[in-house]
Amino acid sequence: MKNKSLLGIALAALLLLTFTACRDASKTALQSAQASLEPSAPAPVTQDSALQDTFPEVPSSPVLDMVGVLTPEDINDIAEDAVELDNLKLAQVAVVVVDDLKDMNALDYATALANKWGVGHKETNDGITIVVKPKTGDTPQGKGQAAIAVGMGMEKILTNELCQRIIDEEMIPKFKQNNYGEAIEEALDKIKDILTGDKD
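Residues numbered from 1 in each chain as written. Predicted model: local features only at pLDDT ≥ 70, side-chain atom pairs only at ≥ 80, totals over all residues. Heavy atoms only, no water.

Trainee: Looking at this model, I keep getting lost on the pattern of salt bridges. Mind explaining?
Mentor: Side chains carrying opposite charge are able to pair once their charged atoms draw close together. Applying the stated criterion across every chain yields a total of five salt bridges. Across the salt bridge formed by lysine 102 and aspartate 100, the nearest N and O atoms sit 3.6 Å from each other. The partly exposed category is assigned to lysine 102, whose relative accessible area is 22%. Between lysine 174 and glutamate 182 there is a salt bridge, with the nearest N and O atoms lying 3.1 Å from each other. Overall, lysine 174 belongs to the buried group, its relative accessible area being 17%. A single network of salt bridges, built from pairs that share partners, joins Lys174, Glu182 and Glu186. (Salt bridge = Lys/Arg side-chain N within 4 Å of Asp/Glu carboxyl O. Buried < 20%, exposed > 50% of the residue type's maximum accessible area, 1.4 Å probe, protein only.)

Shown next, in the form of structure tokens:
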């Protein structure tokens, strides 16, 4: 009788351990599923890994001018605007001036670069990546381009149409004057107005 009692206790303990393990495994699986649903970056653009490796590394400043069209004052002012947006918890901004879009249009390049750099806070996916390729000639390869890529957390506020309007109305007129710094600053001012609800 004593042996049967011991056997029963052992079986009960084994069942309890099995149940606990299954419950913990289910809990872990659920947490993983929830984590995978949390936005962390813009939807990735399919790129060859070798091509990704040709992108610039993450800079120490929000502004990276690989062409030399921005003055030190431009870079400082743009960086201050970007830091202000970050401090206000409105957006995390990266501004990049490039001379080569790697055979992509500017928006695809900006999105791919944002993915590589992880622009935007993980909790809110509030990244804004501005890419500018200055005009270098009258050929299709020399055409100037600009794009504003936003994280999924910003898409309802900064729609593609609105971003294009900012480029057309705030940036292109200054590009035509070769004033790239002011073009980017005015775009960031407009973005700040939109994110803070200032319609003026």
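Trainee: Explanation requested: the packing of helix H5 (residues 160-175) against helix H6 (residues 180-196) in the structure shown.
Mentor: Two quantities define a packed helix pair, namely the angle between the axes and the distance from one axis to the other. With their axes 8 Å apart at the nearest point, H5 and H6 run at an angle of 150° to one another. Comparing their axes, H6 and H5 come out roughly antiparallel. H6 is crossed by H5, and the crossing has right-handed handedness. Only Tyr180, Glu182, Ala183, Ile184, Glu186, Ala187, Lys190, Ile191 and Ile194 of H6 make contact with H5, whose side of the interface consists of Leu162, Ile166, Glu170, Met171, Lys174 and Phe175. The residue makeup of the contact of H5 with H6, split by class, is 10 nonpolar, no polar and five charged. (Axes fitted to C-alpha atoms, helices over the stretch in contact; angles between N-to-C directions. Helix = DSSP H or I, 4+ residues; strand = E, 2+ residues; numbered from the N terminus. Parallel < 35°, antiparallel > 145°, perpendicular 65-115°, else oblique. Left-handed = near helix turned anticlockwise from the far one by under 90°. Contact = heavy atoms within 4.5 Å. Nonpolar A, V, L, I, M, F, W, Y, C, P; charged D, E, K, R; others polar.)

Trainee: Sorry, what's going on with the sheet that holds strand E4 (residues 145-150) here?
Mentor: Note on sheets: strands pair through backbone hydrogen bonds, and any given pair is parallel or antiparallel. Strand order in the open sheet formed by four strands is E1-E2-E3-E4, with mixed pairing between adjacent strands. Among the strands making up the open sheet, the edge pair consists of strand E1 (63-65) and E4. Recorded for the sheet is a direction-independent mean angle of 10° between the axes of neighbouring strands. Inspection of the sheet shows strand E3 (residues 127-133) paired to E4 by six bridges, in the antiparallel sense. The residue of E4 that forms the bridge with valine 131 is alanine 147. The strands touched by helix H4 (residues 106-117) within the sheet are E1, strand E2 (92-97), E3 and E4, with E4 carrying the most contacts at an inclination of about 45°. Across the sheet, H5 touches E3 and E4, and the angle it forms with E4 is around 145°. (Pairing = 2+ DSSP bridges.)

Trainee: What should I look at first to understand the confidence of the model for the chain in this one?
Mentor: Caution is warranted with low-pLDDT regions, since their predicted coordinates should not be read in detail. In the predicted model, the chain carries a mean pLDDT of 79, and 72% of its residues have values of at least 70. Scored below 50 in pLDDT, residues 1-47 makes 24 contacts in the model with residues more than four places away or belonging to other chains. (pLDDT = per-residue confidence, 0-100.)

Trainee: What exactly am I supposed to notice about the environment of glycine 68 here?
Mentor: Topologically, glycine 68 is positioned in the loop between E1 and helix H3 (72-87). Since its relative accessible area comes to 58%, glycine 68 is described here as exposed. Sequence separation of glycine 68 and aspartate 99 is 31 residues, and the distance between their C-alpha atoms is 9.8 Å.

Trainee: Help me understand the pairing of E3 in this model?
Mentor: In the case of a regular strand, side chains alternate between the two sheet surfaces. The buried fraction of E3 amounts to seven of the seven residues, a majority that puts the element mostly inside the structure. Side-chain alternation along E3 places Gly127, Thr129, Val131 and Lys133 on one buried face and Ile128, Ile130 and Val132 on a second face that is also buried. Pairing of E2 with E3 involves six bridges; the strand directions are parallel. Bridged to valine 95 within E3 is isoleucine 130. A crossover links E2 with its parallel partner E3, the connecting element being H4, and its sense is right-handed. (Right-handed = clockwise from strand over helix to strand, strands pointing away.)

Trainee: Whenever I open this one, the pairing of E2 confuses me. Can you help?
Mentor: Counting buried positions over the six residues of E2 gives five, a clear majority of the element. Where E1 meets E2, three bridges bridge the pair, whose relative direction is parallel. Bridge assignment links aspartate 65 to a residue of E2, and that residue is valine 97. With H3 bridging E1 and the parallel E2, this β-α-β connection has left-handed handedness.

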